[in-house]
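Coordinate analysis (summary)
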Amino acid sequence: RDILATERIGLNVLQRMSGIATETRCLVDLLRGYETKIAATRKTHLRYLDKKAVFLGGGLTHRLGLWDSILIKDNHLQALKNDGVKNHVEKAIAMASRFIDKVGFIEIETTNQDDAVRAARKFKQLKLKKPCIIMLDNVRPKEIEQIIEKLKSENLYDHVLLEASGNITRENIREYAKTGIDVVSLGYLTHSAKALDMSLEMTV
């Protein structure tokens, strides 16, 4: 009776997690030979179970919630702009750095080369002892290559990790890996997971 009473719930969870883990593994296999890692985002339905599935598939869980790491989003930067802060990228990183001992890493979302370079300069200046990540949001592979070249030319590349996010799919993920990006994060892994077909058969 207990099995029959919980069968559908159990199967739903297993099907969803298996689908996420399987897709993650497919992406990991596609990037075999590259240094680029696969990561999930916080766009999940079943946060911990979804993240666990990504981990089991060979991916990175990124952050689990708002409390374990700091992600400076475009809305945060816009708020500083609206307050008249000129160096809003540097200011945001400086403010976040006050809490570095309480979080796993600090990450800032950027959409262009100028902001990415400014962020890298600030991270290098602060010499934080936690990972400093620059997310390149909706930045195409060719521009990512240009950003990486710029960071290397200014001796900034080794002071940050770079993450690409936005419209990355199984079809184009290798193009991102070829740029030398450290991490690619994909929201579809968890917000559009395709469940694995699974059933329970009993012998009585």
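Scroll up for the structure.
For the structure given in this document, a descriptive report is provided here. (Residues numbered from 1 in each chain as written. Predicted model: local features only at pLDDT ≥ 70, side-chain atom pairs only at ≥ 80, totals over all residues. Heavy atoms only, no water.)

Re the nonpolar core
Ile 38, Ile 72, Ile 106, Ile 108, Phe 123, Ile 134 and Val 184 are the most contacted members of the largest nonpolar core, which totals 42 residues. Ignoring sequence-local partners within four residues, the contact set of Ile 108 consists of Leu 71, Ile 72, Leu 77, Val 89, Ile 93, Ala 119, Phe 123, Ile 133, Ile 134 and Met 135. Residues Met 17, Ile 20, Ala 53 and Val 54 belong to the second largest nonpolar core, which totals six residues. (Core = buried A, V, L, I, M, F, W, Y, C linked by side-chain atoms within 4.5 Å. Buried < 20%, exposed > 50% of the residue type's maximum accessible area, 1.4 Å probe, protein only. Contact = heavy atoms within 4.5 Å.)

Digging into the packing of aromatic side chains
Scanning the entire structure with this criterion turns up zero aromatic pairs. Above the plane of the ring of Tyr 157 lies Lys 152, whose end atom (NZ or CZ) is 4.9 Å from the centre. (Phe/Tyr/Trp six-rings, centres within 6.5 Å; stacked < 30°, edge-to-face > 60°. Lys NZ or Arg CZ within 6 Å of the ring centre and 35° of its normal.)

Describing the pattern of salt bridges
A pair can form between side chains of opposite charge whenever their charged atoms are brought close. Following the criterion strictly, the structure yields 10 salt bridges and no others. Put simply, Arg 118 and Asp 114 hold a salt bridge, and the shortest N to O gap is 3.7 Å. Of this pair, Arg 118 and Asp 114 both sit in helix H5 (residues 113-126), separated by four residues, roughly a single helical turn. The salt bridge involving Asp 115 is made with Arg 118; its shortest N-O contact spans 3.3 Å. Placement of both Asp 115 and Arg 118 in helix H5 is noted, with a separation of three residues, approximately one turn of the helix. Judged on exposure class, the residue Asp 115 and its partner Arg 118 are both buried. Three or more residues joined by partner-sharing salt bridges are found here, namely Glu 90, Asp 114, Asp 115 and Arg 118. (Salt bridge = Lys/Arg side-chain N within 4 Å of Asp/Glu carboxyl O. Helix = DSSP H or I, 4+ residues; strand = E, 2+ residues; numbered from the N terminus.)

Topic: the sheet that holds strand S3 (residues 106-110)
Pairing in this open sheet of six strands is parallel, and the strands run S1-S6-S5-S4-S3-S2 from one edge to the other. In this open sheet, the two edge strands, each paired with only one partner strand, are strand S1 (37-39) and strand S2 (70-72). The mean angle between the axes of side-by-side strands here comes to 25 degrees, regardless of whether they run parallel or antiparallel. Judged from the three bridges that link them, strand S5 (residues 161-165) and strand S6 (residues 183-185) form a sheet pairing that is parallel. (Pairing = 2+ DSSP bridges. Axes fitted to C-alpha atoms, helices over the stretch in contact; angles between N-to-C directions.)

Thoughts on the pairing of S3
Among the five residues that make up S3, five are buried, leaving the element largely enclosed by the rest of the structure. Across the two faces of S3 the burial is the same, with Ile 106, Ile 108 and Thr 110 and Glu 107 and Glu 109 all buried. The pairing of S3 with strand S4 (residues 132-137) spans five bridges and is classified as parallel. Looking across to S4, one finds that Thr 110 is bridged to Leu 136.

Comments concerning the side chain of Glu 109
Secondary-structure assignment places Glu 109 in strand S3. According to the relative accessible area criterion, Glu 109 is buried, its value standing at 5%. Polar side-chain contacts of Glu 109 include one of 2.9 Å to the side chain of Lys 73. Residues in contact with Glu 109, not counting those within four places in the same chain, are Ile 72, Lys 73, Asp 74, Leu 77, Met 135 and Asp 137. (Polar contact = N/O pair within 3.5 Å; in protein donor to acceptor, adjacent residues only side chain to side chain.)

Remarks on the environment of Ile 134
Relative to the helices and strands, Ile 134 resides in strand S4. Distance from Ile 134 to Arg 63, taken between C-alpha atoms, is 14 Å for residues 71 residues apart in sequence. In this structure, Ile 134 is in contact with Ile 108, Thr 110, Ala 116, Ala 119, Ala 120, Phe 123, Val 160, Leu 161, Leu 162 and Glu 163, ignoring residues within four places of it in sequence.

Brief notes about the environment of Leu 30
On the secondary structure map, Leu 30 appears in helix H1 (residues 2-30). Judged by relative accessible area, which is 22%, Leu 30 ranks as partly exposed. For the pair Leu 30 and Ile 173, spaced 143 residues apart in sequence, the C-alpha to C-alpha distance is 8.2 Å.

A few points about unusual backbone geometry
Phi is positive for His 62, which is not a glycine, with a value near 60 degrees. By relative accessible area, His 62 is classed as partly exposed at 22%. The backbone of Asn 155 shows a phi angle near 60 degrees, a positive value even though the residue is not glycine. Position of Asn 155 relative to the elements: it lies in the loop between helix H6 (141-153) and S5.

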